[in-house]
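Chain and residue survey
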Amino acid sequence: MKRRQQLWLTLAAAASAETITVRLGYFGEAQPFQVACARGWFDFSDVIVACLPQASGGFVVSKLDEGDLEVALLGSTPAAFAVARGVDIKNLYVAHEKGSSQGLLVRPGIQSPRDLAGRTFGTPFGSTAHYHMMYIQTLFPDVSFTLTGCNADCPDLYDAGTIDGAFVWGGVMESMKLRGTSMLAPAKLLSDWEKATFNTISVRDDFAADHSAVVERIAGVVARLDADYLDMKDPVP
């Protein structure tokens, strides 16, 4: 009996050793691949994918660099920053180009870029949203306004009168909308003005080298869900 128990323990340990856990970071923006996170479609017999929400691209770059994430959704601006910093990552898939899922939401009464003058606006520093806010400053150099860093706290800063709007996305954007803000400049508008931003799915170089088949399978699930979404079909596992 003891020998049989020992055999089962040995087999269980071997199975556990062969299981690969992949930590995948994502943002609070609706993405087709999040269906796979919710339903376990990324998981295989030898792979477990843990989908972990992240605050912003700047934090994700640090986590990829330090080995706290293997794979992550990453905006084009922090992805470029990561490459410039020498972070060893590969961009394996373009998830989407920024459209109306991100933009500058402002107080009632701010109806044109000229109305931004003398006001303060929040955005997560180092993000694609930050990049677009700096582009607005470039487009209208005679319109002076202040940028301050915020993310989940942007709505509270808006309520306190500290900021007059924010360039944000996801749940923070929805919270800003509930406060009666209006969309002055969606990301798509600025992309059409030759400053396109997008989200990429990035992977650590060493993980991609050691587990190329796993990376290929994850990318395949993402691509299939995107295709289903674009075809307006119900995704299936």
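The paragraphs below set out a description of the structure included in this document. (Residues numbered from 1 in each chain as written. Predicted model: local features only at pLDDT ≥ 70, side-chain atom pairs only at ≥ 80, totals over all residues. Heavy atoms only, no water.)

1. Let's talk about the sheet that holds strand β10 (residues 198-204)
What the 5 strands build is an open sheet, ordered β2-β1-β3-β10-β4; its pairing is mixed. With one partner strand each, in any of the chains shown, β2 (47-53) and β4 (89-97) form the two edges of the open sheet. Across the sheet, the axes of successive neighbouring strands diverge by a mean angle of 25 degrees, strand direction being ignored. Across 7 bridges, the pairing between strand β1 (residues 20-26) and β2 is parallel. Across the sheet, Gly25 pairs through a bridge with Leu52, a residue of β2. Each of β3 (71-75), β4 and β10 touches helix α3 (residues 57-66); the most contacted strand, β3, lies at about 145 degrees to it. Packed on one face of the sheet, helix α4 (residues 76-85) meets β3, β4 and β10 and runs near 110 degrees to β3. (Pairing = 2+ DSSP bridges. Helix = DSSP H or I, 4+ residues; strand = E, 2+ residues; numbered from the N terminus. Axes fitted to C-alpha atoms, helices over the stretch in contact; angles between N-to-C directions. Contact = heavy atoms within 4.5 Å.)

2. With respect to the packing of aromatic side chains
Taken as a whole, this structure holds 2 aromatic pairs when the rule is applied. An angle of 90 degrees between the planes, with centres 5.7 Å apart, marks the rings of Phe121 and Phe145 as edge-to-face. Taken together, the residues span a long stretch of sequence, with Phe121 in strand β6 (residues 120-123) and Phe145 in the loop between α5 (128-139) and β7 (146-149) at a distance of 24 residues. No difference in accessibility class separates Phe121 from Phe145, as the two residues are buried. One Lys or Arg, Arg217, reaches over the ring of Phe44 and ends 4.0 Å from the middle of that ring. (Phe/Tyr/Trp six-rings, centres within 6.5 Å; stacked < 30°, edge-to-face > 60°. Buried < 20%, exposed > 50% of the residue type's maximum accessible area, 1.4 Å probe, protein only. Lys NZ or Arg CZ within 6 Å of the ring centre and 35° of its normal.)

3. Quick notes on the packing of α3 against α4
Packing of α3 against α4 brings their axes to within 9 Å, and their N-to-C directions diverge by 40 degrees. Here α4 runs oblique to α3, going by the angle between their axes. Once α3 is placed against α4, the crossing between them reads as right-handed. Facing α3, whose interface residues are Gly57, Gly58, Val61, Ser62 and Asp65, α4 presents Pro78, Phe81, Ala82 and Arg85. Of the residues belonging to the contact of α3 with α4, the class tally is 4 nonpolar, 3 polar and 2 charged. (Parallel < 35°, antiparallel > 145°, perpendicular 65-115°, else oblique. Left-handed = near helix turned anticlockwise from the far one by under 90°. Nonpolar A, V, L, I, M, F, W, Y, C, P; charged D, E, K, R; others polar.)

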